Structure formats: structure tokens, C-alpha cells
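# Descriptive analysis of the structure
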Amino acid sequence: MPGSALAPSSRHPLSPRRDRRRHLPAVLAGVVVLGMAASAWRPHDLTTWLLETVWVLVGLPLVLLTWRRFPLTNLLCCLLAAHALVLAAGGHWTYAQVPLGDWVRDGLGLDRNPYDRFGHLMQGFVPAVLVREVLSRTSPLRGSRWLAPLTVCACLAFSALFELFEWAAAVIGGHAADDFLATQGDVWDTQWDIFCALIGAVVSVLVLSRLHDRQLGALPAADVRPSSASSA
């Protein structure tokens, strides 16, 4: 019948897939909540746990409160959830004692647990997509050649800010902050941390920009401000 052409199943044959994509952020939020709950169960040190996971404790409610006005792409949601779980593991065991890092250290014959380095790679890799999304949607930088370098610079600034946060914790807490710092005896730990964040940000921009642009383009027009700098 002619009217059958207007049936939802005929007009939108991929609607089940779209439904799954629409529900993905809620599923990821649930996973993060469960991961944080497991992380908070008898952590190595409660103060260290709070310092390491404060970004999730603040960030998840912020995302939920602003979701109706500023929904995020699924790519960014996946990355934020993965980063939250990395932070949750570091907060539970401390970055110097995460079992997975111990296995990698012993298997590769390293002289330190590398989970802290991995955490700082993520500190650049994930915020790069977050910064890129915010700048693309709220500024004239979408399509501009300046978007990539400014994204990397913002990630470097955040990494430096985090190192200042660690320095303040060390000044205030003294040796009580050793688990939070996780330097493992490396006098160049701060420089390595910032360098790892730089590598993560650059790799993220190089590898994920095209996929990110496709997902940004799929957002409703009301959620993305038009750019006047596409030819910049």
C-alpha cells in the first residue's frame, strides 16, 4: 500500500542502530558510576582516592546537568568514560601500585610501574577531543587551521595546571602526598608527565579528528553554532 512507505520501519531502516547510539551515553554513565563505586570500596588511601578522582566526581554531574543544552558526541562520551575508569583505578590502588602496571613492568623488565605514564598520556588524549569539541561548537574555530594547535596548547596548559595542583598537594601534605605524586623516585617526573600529555594530545588530534568531525556534523544544528572561520 502507498501508505506503507511512511511506516517508521521503512523510512528509517537503521533506527535500531540509532536508538543504540542514542542510549550509549546513559550506558557509559552507568559504567562510570559502577567503576567509581568499586574504586571507592576500601581504597589504598581515601585522601589519595579523592584527589585522583575529583575530576570524575565533578565532571560527571556537570555533563549530566548540561546535557540538554550541550549534548556531547558519542566519541567524546566513550573517551571520557574510559578516562574516568583510568582515574578510578589510579585512585583505588594509587598510580604507582596499579596491578596492571606491575604486570607490564615485570613483563617488559621496566624499572617502574608505567601506569602513571599511561594516565598522563590519557590526560592529553581525552581532553584534546573535549577541547576540540567545545571550541568547534562555541567559537569560530571550526574548520580553521588554528583549531589543532590551539587544542594541543590547551591540553599542555591543563597538564601544567595539574602539575601545579600536585605541587600544592606536596607542599600542604608533605610525605602524606607521596602516593598522590607517584614520582617513584624520578626527579624528572613532572617533565615526563607533561611530555606524555603532549604526545597524547598530538596523537588524538592526528588520529581522531576526521571521526570527530563526522560526529560533530551529525549533531542537530541547534547544538552547533555556525562557524564564520571555515576559510581561516
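Residues numbered from 1 in each chain as written. Predicted model: local features only at pLDDT ≥ 70, side-chain atom pairs only at ≥ 80, totals over all residues. Heavy atoms only, no water.

### Brief notes about unusual backbone geometry
For arginine 42, which is not glycine, the phi torsion reads 50° and is therefore positive. Relative to the assigned elements, arginine 42 resides in the loop between helix 2 (15-40) and helix 3 (46-66). With a phi close to 75°, threonine 94 is a non-glycine residue in the positive phi region. Mapping threonine 94 onto the fold places it in the loop between helix 4 (74-93) and helix 5 (99-108). (Helix = DSSP H or I, 4+ residues; strand = E, 2+ residues; numbered from the N terminus.)

### Looking at the nonpolar core
With 23 residues, the main nonpolar core has Val32, Met36, Val56, Leu79, Tyr115 and Val129 as its most contacted residues. Counting residues per element, the ones that place at least two in this core are helix 2, helix 3, helix 4 and helix 6 (115-138). For this core, the element with the most residues is helix 4, which contributes 10 residues. Those residues in contact with valine 32, other than ones at most four positions away along the chain, are Val56, Leu60, Ala81, Ala84 and Leu85. (Core = buried A, V, L, I, M, F, W, Y, C linked by side-chain atoms within 4.5 Å. Buried < 20%, exposed > 50% of the residue type's maximum accessible area, 1.4 Å probe, protein only. Contact = heavy atoms within 4.5 Å.)

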